[in-house]
Amino acid sequence: MRLPPAQFANLSGMLNPSRNAAGDRKMTPMNTLPRHTRLRLLAALVIVLLPPLSAPAQDAAPTDRNLVNTRVRPGGMLADSPVRFPEQGASPAQFPPDLKPEHFDPREPDFYLFSSPERSLAQVKEIQAAMPAGRFTPPPNDWKHLARTRRILTEGGKLRLMAVGDSIVNDTMRSGWVGLLQAAYPKTEITATVYVRGGGGAQHFRENDRLAREVFPRRPDLVFLGGISQRSIEDLAAMIEQLRAGLPEVEILLGTGAFGTTDPRDAVALAHAPHSGSGDYGRRLRKLADEQHCAFLDFTLPWAEYLNSSGLHPHRFFRDVVHANEFGEQVLAKIFLSFWQPDLQPAPAPVESIEFFTEIRSQPRPLRIHGLRLDLRDARHTLDVVVARDPDDAGPAEAELTPPARLIESPDIVAAINANAFAHVSTPSDDRFGTWRAGDPVNITGWAMHPSRQASRPAANDSSWSFWVTADGRARVSPLEPQGAARLAVGGFASLIVEGHVTPELGGPLHPRTAIGVDLTGHRVVMVVVDGRQPGYSEGLSLLELAELMQSLGCHDALNLDGGGSSILFRRREDGSLAILNRPASIPARPIPVMLVVRSVTPELPVRD
């Protein structure tokens, strides 16, 4: 087993003899080392001597054994952590569980079997009232594979739930979310059992007839499999087959991991975490769920979104460097509860194609509004970002201004709008600053990336917001960089709508505008261009009016993109030519560096007006 570099260096420093000023070798007696140094040395030696399958283990419920478990892969969060975790065990709980679960004997060491929940509704509400505020996009329901469970919840009856996995699964169940679900569906009597092993993935539970011995006799209606200790999709598939053989009517929910040592502020690290729903594991787990007719729940992105939106260091939600404290548990509870409550997730009928629209208004002034609606679940099209050529490679410019029609010459592009703002790298030599000409080198404002190129990254103190699409195809709007792995992103200015609430307080000046928004599910995208600075034809909108327009179009979150003379919307005609749907304020159309486009995945893509 290879140790992380920092830990390896620390261990080498303790084991290797040092030299005095004369260069002579000297040894430090073990008993003269500080106590905490001796503990770290012993822990490191234990790690080295453990067989590969023993590391990295997770703490087994209900006790914590963290001397080794939480120091194997400490992660980047420790570098700036405001929390000092104990060398052994975990930070003291502010809210110890107030319900005593019933324990059952699994008849083998390291496995635990007990009833859930361990928190009363009163305590859950107390914790949630005290926890740091945050927000997340609710994960989509997956009712098609949970028909029986949904029927029991809505019509009433007994629902037997069993959670199987590692200590992260235990954290999830200890949160008390089952009590919240019971309160949401009062006609249903819900019982829950937890069967966990520290570091326990499907590779453990599929062995030695454990399912037949401990799971089958309890006849669960629903089995939840999750955590961060799953070692292979193949083991999960074998476990699912065993469950279906012993419980033919059982429904199964597969969950990604939520936390561990991966820093949720680092989108790239999060995508590469072996348990992450935003990376390769999440894609393979979703594919397994589809193949085995299991429900799927991505905990990773909502978890990261909540922690990042709180504005606090992630360790404020941890009890040690791997596991959640009471606040982290409640983030999981909130995610889980939102998954089970259909009323929190309106499901509009999918748009079967791109739908363009134009609206002419005379009040409060002449206005021409153009836009399109797009459903990302329609596999016949996909979003993409087109960025102009970088004129100087490693030089200061990020792109050169390009006529928008030239940026989108590819025949598979069926629609496009302008996106990021931009600024000259330097004042043009003829001193006509403010005049934008094709070929001018510029810097791009905010985030701009597509699958093969990251063209612009915002500064740490940038106050702009981004529109981005996750690896699994859901659209988001958030401050700065994406709060999870992004497939593509464009940047704008300030938010227009956050969680359904209009954010601009004042009207402000009237201008041509470009905006983009998403619905609550992240599946439906609305793009809008409003013409302006053209008296008697279309005079433009204020930011407040633009936000109210996006809200009326069904947006739950929305973002103001670059406007003014850059505002432009294209559509591919039936004859293959590109048409500008709006009347830009700049004639000819202003050259720009970035466009958000809709590509056709099939030869012909029907559109609706």
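Within every chain, residues take consecutive numbers counted from 1 along the sequence as written. Residue-level local features of this predicted model are given only where pLDDT is at least 70; pairs of side-chain atoms are given and counted only at 80 or more, and the full residue set underlies all totals for whole chains, interfaces and linings. Values shown for side chains rest on all heavy atoms present in the structure; no hydrogens or waters enter the calculation.

Q: Account for the environment of Asn170, with residues named and values stated.
A: Along the chain, Asn170 turns up in helix 6 (residues 167-174). Whether a residue is buried, partly exposed or exposed follows from its accessible area with a 1.4 Å probe, protein chains only, as a fraction of its type maximum: under 20%, in between, or over 50%, in that order. Note on Asn170: relative accessible area 2%, which makes it buried. Along the primary structure Asn170 and Arg197 are separated by 27 residues, whereas in three dimensions their C-alpha atoms are 9.2 Å apart. Starting at the N terminus, helices and strands are each numbered in turn, a helix being any DSSP run of H or I of at least four residues and a strand any DSSP run of E of at least two.

Q: Help me get a handle on helix 4 (residues 121-130), residues and values and all.
A: Listing the buried residues of helix 4 in full gives Gln123, Val124 and Ile127. The buried residues of helix 4 occupy one face: seen down the axis, they fall within an arc of 105°. Opposite the buried face of helix 4, at more than 90 degrees from it, the exposed residues are Ala122, Lys125 and Ala129. Any pair of residues with heavy atoms lying within 4.5 Å of one another is described as a contacting pair. Those residues of helix 4 hidden inside the fold are in contact with helix 7 (177-184) and helix 14 (326-340). Think of the arc as the fan of directions from the helix axis to the C-beta atoms.

Q: I'd like to hear about the side chain of Asp557, residue by residue, with values.
A: Mapped onto the elements, Asp557 comes out in strand 26 (residues 557-560). Residues scored as charged are limited to Lys and Arg (positive) and Asp and Glu (negative), so that His and the chain ends carry no count. Whenever a carboxyl oxygen of Asp or Glu lies within 4 Å of a side-chain nitrogen of Lys or Arg, that contact is scored as a salt bridge. At 4.0 Å, Arg135 is the nearest oppositely charged side chain to Asp557, a buried residue that forms no salt bridge. Here a polar contact is taken to be a pair of N or O atoms separated by no more than 3.5 Å, where protein atoms must pair a possible hydrogen donor with a possible acceptor and residues adjacent in sequence count only if both atoms sit in side chains. Within polar-contact distance, the side chain of Asp557 engages the side chain of His556 at 3.1 Å. Leaving out residues up to four positions away in the same chain, Asp557 has contacts with Arg135, Val477, Ile497, Val498, Glu499, Ile516, Gly517 and Val518.

Q: A description of the nonpolar core should follow, citing residues and the corresponding values.
A: To define a nonpolar core, start from buried Ala, Val, Leu, Ile, Met, Phe, Trp, Tyr and Cys residues and group those joined through side-chain atoms within 4.5 Å. Met173, Trp177, Leu253, Trp303 and Trp340 are the most contacted members of the largest nonpolar core, which has 54 residues in total. With nine residues, the top contributor of residues to this core is helix 14. Once residues within four sequence positions are removed from consideration, Trp177 is found in contact with Leu161, Thr172, Ala333, Phe336 and Trp340. The next biggest cluster of nonpolar side chains, apart from the first, holds 49 residues, and it includes Val442, Ile444, Met595 and Leu596.

Q: Summarise the confidence of the model for the chain; cite the residues concerned and give the values.
A: Averaged over all residues, the pLDDT of the chain is 82; the fraction at 70 or higher stands at 82%. Note: pLDDT gives the predictor's confidence per residue, expressed from 0 to 100. Low pLDDT (under 50) marks residues 1-33, which in the prediction has 36 contacts with non-local residues, meaning those over four places away or in another chain. Scored below 50 in pLDDT, residues 35-74 shows 87 contacts in the model against residues more than four places distant or in partner chains.

Q: Please set out the sheet that holds strand 19 (residues 465-470) residue by residue, giving values where relevant.
A: At least two bridges found by DSSP between two strands is the condition for calling them paired. Spatial ordering of the open sheet is given by 18-17-21-19-20, a layout of five strands whose pairing is antiparallel. Either end of the sheet is taken by a strand with one partner, and the two such strands are strand 18 (453-456) and strand 20 (475-479). Put simply, the sheet's adjacent strands are angled 25° from each other on average, direction ignored. Inspection of the sheet shows strand 19 paired to strand 20 by five bridges, in the antiparallel sense. Pairing of Ser466 across the sheet is with Ser478, part of strand 20. Orientation is described by lines fitted to C-alpha atoms, with helices fitted over the stretch in contact, and by angles between N-to-C directions that extend from 0 to 180 degrees.

Q: Describe the packing of helix 10 (residues 233-246) against helix 12 (residues 280-292), listing the residues and the values that go with them.
A: Their axes nearest at 11 Å, the elements helix 10 and helix 12 cross at an angle of 25°. Relative to helix 12, helix 10 is oriented roughly parallel. Note that helix 10 runs across helix 12; the crossing there is right-handed. In this structure, helix 10 uses Ile233, Leu236, Ala237, Ile240, Glu241 and Arg244 to contact helix 12, whose residues at the interface are Tyr281, Arg284, Leu285, Leu288 and Gln292. Polar here means any residue other than Ala, Val, Leu, Ile, Met, Phe, Trp, Tyr, Cys and Pro, which are nonpolar, and Asp, Glu, Lys and Arg, which are charged; Gly is therefore polar. Residues of the contact of helix 10 with helix 12, tallied by class, amount to seven nonpolar, one polar and three charged. Under this scheme an angle from 65 to 115 degrees is roughly perpendicular, one under 35 degrees roughly parallel, and one over 145 degrees roughly antiparallel; angles in between are oblique. Each crossing gets its hand from how the near helix is turned against the far one by less than a right angle, where anticlockwise is left-handed and clockwise is right-handed.

Q: Give me the lowdown on empty space enclosed by the protein, citing residues and values where you can.
A: A 1.4 Å probe that fits into a set of points on a 1 Å grid over the protein atoms alone but cannot get out defines a cavity; an open set with protein on both sides within 12 Å along at least five of seven lines defines a pocket, and lining residues are those with an atom within 4 Å of a point. Grid points are joined across faces, edges and corners, and a volume is the space filled by probe spheres set on the points. Applying the stated criterion across every chain, the model contains five cavities of 30 Å³ or more. The calculated volume of the largest cavity comes to roughly 110 Å³. Forming the boundary of the largest cavity are 16 residues, of which Arg135, Thr137, Glu305, His556 and Asp557 lie nearest the centre. No other element matches the three residues that strand 20 contributes to the lining of the largest cavity.

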